[in-house]
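For reference, the chains in residue letters:
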Amino acid sequence: MLPALLLAAASMTLIVGVRYLLVSGGFAWLTSARHPGLYAGLDRQMRREIGWSLASAAIYGVPAGVVMWGWRTQGWTRIYTDLDAYPLWWLPMSVFLYLFAHDSWFYWTHRWMHRPGPFRLAHAVHHRSRPPTAWAAMAFHPLEALTGAVVIPTLVFLIPIHWGALGFVLTVMTVMGVTNHMGWEVFPQWMWRGRLGGWLITASHHQRHHERYGCNYGLYFRFWDRLCGTDEGVGDFAREHARAGARGGRVDAGGRDAGRAA
Ligand SMILES: [Zn+2]
Ligand SMILES: [Zn+2]
């Protein structure tokens with residue numbers, strides 16, 4: 001039993017690490033193609049982001065691997081594989097519940113981590129990325145990574161979910177974690193500036209958190225920020241893009257456009 005458990009934990013760590021390298025690497029490459037020079041002068045910071053993120057991969061991977069092992073061999077969790085086990089409407093509902101639960105947990109733990117003690121102890125690591133890059137998605141102090149690592153492995157014991165829907169949740173989690181730190185808006189303007197953007201968090205919203213600290217704490221939805229009066233709207237990439245220019249980077253017309261648009 002122990003070797004199988006260790007193997008599951010190690011494999012999941014590898015999967016999370018490789019997934020991070022591929023997705024962050026892919027979006028970093030897209031950044032260099034769409035906004036050349038945006039990450040100029042940030043090489044040391046990016047190396048640090050990758051180091052912290054790979055450490056986080058183990059912290060995310062171990063509980064996920066153990067739960068995965070329990071699901072496959074011990075009948076743990078409420079993950080189901082038979083589509084007919086629940087009505088079809090439960091598929092989108094379960095996705096929403098997972099995202100909302102994760103967002104709620106994130107909002108309140110994140111807000112707490114901005115108190116002076118926890119900030120100095122752990123969250124400062126994430127905010128050393130100024131401005132963050134696509135590599136900062138999992139750049140957390142191990143203590144903070146631990147608060148994130150328990151969420152999905154706990155939810156699968158509480159809320160039934162089809163494994164395909166769970167895959168979708170994990171994809172949203174990965175892509176949003178990367179794109180929210182990327183320094184430019186990958187989604188169309190109608191989405192993040194329109195009515196939908198009033199409720200959904202994309203890069204423009206999280207960028208402002210990295211600029212001002214005491215606001216915009218949410219992960220996927222602006223619900224808690226708006227309810228608690230901590231929402232300060234969406235950020236402006238113009239300053240970051242100008243700074244990149246000053247650091248020796250060359251931000252193309254697309255970058256200036258994105259800045260103006262924001
Ligand atoms: Zn962040
Ligand atoms: Zn923060």
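The name that an unreviewed UniProt entry assigns to the protein is Sterol desaturase, with the source organism given as Sphingomonas lenta. Here is the UniProt Subcellular location (unreviewed entry) comment for the protein, exactly as written: "Membrane".

### Points about the overall build of the protein
Secondary structure assignment for the protein yields 12 helices and 2 strands. Ordered by position in the sequence, the α and β elements of the protein form the string α-α-β-α-α-α-α-β-α-α-α-α-α-α. For 262 residues, the compact-globule estimate of 2.2 N^0.38 gives 18 Å, and the C-alpha radius of gyration of the protein, at 19 Å, lies within 12% of that figure. Along the three orthogonal principal directions, the C-alpha set of the protein runs to about 55 × 40 × 40 Å. Taking all 262 residues of the protein together, the buried fraction comes to 36%. Contacts spanning at least 24 positions in sequence make up 71% of the contacts within the protein whose residues lie at least 6 apart.

### Considerations on the UniProt feature "domain: Fatty acid hydroxylase" (unreviewed entry) in the protein
Following the UniProt record, one finds the feature "domain: Fatty acid hydroxylase" (unreviewed entry) at residues 96–230. Taken end to end, residues 96–230 comprises 61% helix and 1% strand; its first and last C-alpha atoms sit 22 Å apart.

### Observations concerning the packing of helix H2 (residues 43–74) against helix H5 (residues 142–149)
Put simply, H2 and H5 touch, their axes get as near as 9 Å, and they point 30° apart. Once H2 is placed against H5, the crossing between them reads as right-handed. Counting all contacts with H2, which are made through Ala 55, Ser 56, Ile 59, Tyr 60 and Pro 63, the residues of H5 involved are Pro 142, Ala 145, Leu 146 and Ala 149. Of the residues in the contact of H2 with H5, the class split is 8 nonpolar, 1 polar and no charged.

Cut-off values and rules
- All chains use their own residue numbering, which begins from 1 and follows the written sequence.
- As a convention, the first chain written is A and the first ligand written is 1, with the rest following in written order.
- A pLDDT threshold of at least 70 governs which residues receive local features in this predicted model, and a stricter bar of 80 or more applies before side-chain atom pairs are shown or counted, although totals over entire chains, interfaces and linings include all residues.
- UniProt positions are given in the numbering used here, feature names are shortened, and annotations may be inferred rather than shown by experiment.
- Counting from the N terminus, the helices are DSSP H or I runs at least four residues long and the strands are E runs at least two residues long.
- When we talk radius of gyration, it's over C-alpha atoms, and the globule rule is simply 2.2 Å times the number of residues to the 0.38.
- In this scheme the burial state of a residue depends on its C-beta neighbours within 10 Å: 20 or more other such atoms mean buried, 12 or fewer mean exposed, and anything in between means partly exposed; the C-beta positions come from the backbone.
- Two residues form a contact once the distance between their C-beta atoms, set from the backbone, is within 7 Å.
- Fitted lines through C-alpha atoms give the axes, limited to the stretch in contact for helices. The angle between two N-to-C directions lies from 0 to 180 degrees.
- A crossing counts as left-handed when the near helix is turned anticlockwise from the far one by less than a right angle, and as right-handed when that turn is clockwise.
- Charged means Asp, Glu, Lys or Arg here, nonpolar means Ala, Val, Leu, Ile, Met, Phe, Trp, Tyr, Cys or Pro, and polar covers whatever is left, Gly included.

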